[in-house]
Amino acid sequence: MRKPIATSILVAALTLSGPAFAAGVKIAVVAPAEGPFAALGKQISAGAAFQAGDRGSQVIPINESCDPAGSDALTKALLASGAEAAVGFLCTESLEAALPALAGAGIPAITVSVRSDILMEDALKKNWPFYRLAPSGKSEAAAVTDAIVSNWKGRPLALIDDGTIQSRELVESVRNGLAEIGVTPVFTDTYRPSQEQQVSLVRRLAKSGATHVFTGGDRNDTAVIARDAKAENVPITLLGGDTLKAADLDVPLEHGVLAMTIPDPARSAEAAPVATAMRAAGIEPEGYVLPAFAAVSLLEQAKDQAEKDDNTLAVALAKGSYTTVLGPIGFTRSHELAETPFRLMRWQDGHFVDAANNGTTE
């Protein structure tokens, strides 16, 4: 669906980094078109197409099955597309299969989703032109550690996990980061997840003297812990990770629970005009819609820079920063985001808000 001319000019201006519009880019958009991830794939496709239509870029949809059995077909489709770059990639399996071939063809790839540290390490060793708008697996732990040090200095600290691999690794990374600067928790524990109540855990926390608790658990378990702490009159400040950015299940999240998570870009000032234009066109700017929009904008601006410098698109991507609806985006030498997207957020009135500007972080 095309947008009114006035809206198109506004949206294009928001992603302009130089005195003239970027040349169009032929972009393969890799996203699931069917199966259990089709809804997320539709978000990626919609966001990419919405930006591409205003800048003369061409989008070539490539179905992503997220199944290793479909890897050969995906790779062949990418190479046959004639694309200058590829964006999307919801699943690690797709990237693992496609990156060697894309690198051989000199085609840079940008993922909006995959956070695998191992995959990025391989890409760097083999000099693959792989970049990501998703944060690295290590960056969440680093952001949590920084928040604890900055806001909870001297507070009795507890670190708890739910026993799952993801939770244990996150909490262990935080523990190691704190140990390096001499911070030791007064209490550590692994609790059983998916329980109707966590009273015994709350009482152990109270007995330990911990007043500030970081949990690697999911949203529902964190909501249960917060509810039971309130019922037991145990005053704790509870901080969780990015998994708290989910829907309520059986127990609503208590007001004031903190999370180290990525703010909803649709609520930002940078994205507001684009979000409005998208809604007017019948597209809700949720999930991966705005990240995919930003990825296309990033490539268009990078192509301008590449032509100016008489260099490749991959080199220009690394040269950033570029203005996008997600804010300025640049990459480190490790092809990671130069600035962490994680922010300390606080649950308030049904959504997460900036903790620094909306109540205490203590």
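The structure under discussion appears in the preceding block.
Attention in this report is confined to the structure presented alongside it. (Residues numbered from 1 in each chain as written. Predicted model: local features only at pLDDT ≥ 70, side-chain atom pairs only at ≥ 80, totals over all residues. Heavy atoms only, no water.)

A full pass over the atoms with the stated rule returns 13 salt bridges. Across the salt bridge formed by Glu-336 and Arg-132, the nearest N and O atoms sit 2.7 Å from each other. A residue pair is termed long-range when its members are at least 10 positions apart, and Glu-336 in the loop between α12 (313-319) and β11 (343-348) and Arg-132 in strand β5 (residues 130-132) qualify at 204 residues. Classification of Arg-132 as buried rests on a relative accessible area of 0%. (Salt bridge = Lys/Arg side-chain N within 4 Å of Asp/Glu carboxyl O. Helix = DSSP H or I, 4+ residues; strand = E, 2+ residues; numbered from the N terminus. Buried < 20%, exposed > 50% of the residue type's maximum accessible area, 1.4 Å probe, protein only.)

A word on the packing of aromatic side chains. One pass over the full model with this rule turns up three aromatic pairs. Both rings, one in Trp-347 and one in Phe-352, keep their centres 4.9 Å apart while their planes meet at 70°; by these two values the pair is edge-to-face. Residue classification places Phe-352 among the buried residues on the basis of a relative accessible area of 11%. Here the basic side chain of Arg-219 rests over the ring of Trp-347, its NZ or CZ set 4.3 Å away from the ring centre. (Phe/Tyr/Trp six-rings, centres within 6.5 Å; stacked < 30°, edge-to-face > 60°. Lys NZ or Arg CZ within 6 Å of the ring centre and 35° of its normal.)

If you walk through the whole model with that rule in mind, you get one disulfide. At a sulfur-sulfur separation of 1.9 Å, the disulfide partner of Cys-66 is Cys-91. Residues Cys-66 and Cys-91 are joined through a disulfide that is right-handed, its torsion about the S-S bond being 75°. Linking Cys-66 in the loop between β2 (58-63) and α3 (71-80) with Cys-91 in the loop between β3 (85-88) and α4 (92-104), this pair joins segments that are 25 residues apart in sequence. With respect to class, Cys-66 is no different from Cys-91; both count as buried. (Disulfide = S-S within 2.5 Å.)

Before going further, it helps to spend a moment on the side chain of Asp-161. Mapped onto the fold, Asp-161 is located in strand β6 (residues 157-161). Arg-175 provides the closest opposite charge to the buried, unpaired Asp-161, separated from it by 5.2 Å. A polar contact is formed between the side chain of Asp-161 and the side chain of Thr-190, at a distance of 3.1 Å. Ignoring any residue separated from it by four or fewer positions in sequence, one finds Asp-161 in contact with Ser-167, Arg-168, Val-171, Asp-189, Thr-190, Tyr-191 and Gly-216. (Lys, Arg positive; Asp, Glu negative; His and termini not counted. Polar contact = N/O pair within 3.5 Å; in protein donor to acceptor, adjacent residues only side chain to side chain. Contact = heavy atoms within 4.5 Å.)

A separate point is the sheet that holds strand β1 (residues 26-31). Backbone-to-backbone hydrogen bonds pair the strands of a sheet. The strands run either parallel or antiparallel. In spatial order, the strands read β2-β1-β3-β4-β5; together these five strands make up an open sheet with parallel pairing. Taken across any chain shown, the strands that pair with only one partner, and hence form the sheet edges, are β2 and β5. Between one strand axis and the next, the sheet turns through 25° on average, direction left out of account. Where β1 and β2 come together, six bridges link them in parallel fashion. Bridge pairing links Ala-28 to Ile-60 in β2. Docked against the sheet, helix α2 (residues 38-55) engages β1, β2 and β3, running at close to 165° with respect to β1. (Pairing = 2+ DSSP bridges. Axes fitted to C-alpha atoms, helices over the stretch in contact; angles between N-to-C directions.)

Any functional reading would require information that these geometric values do not contain.
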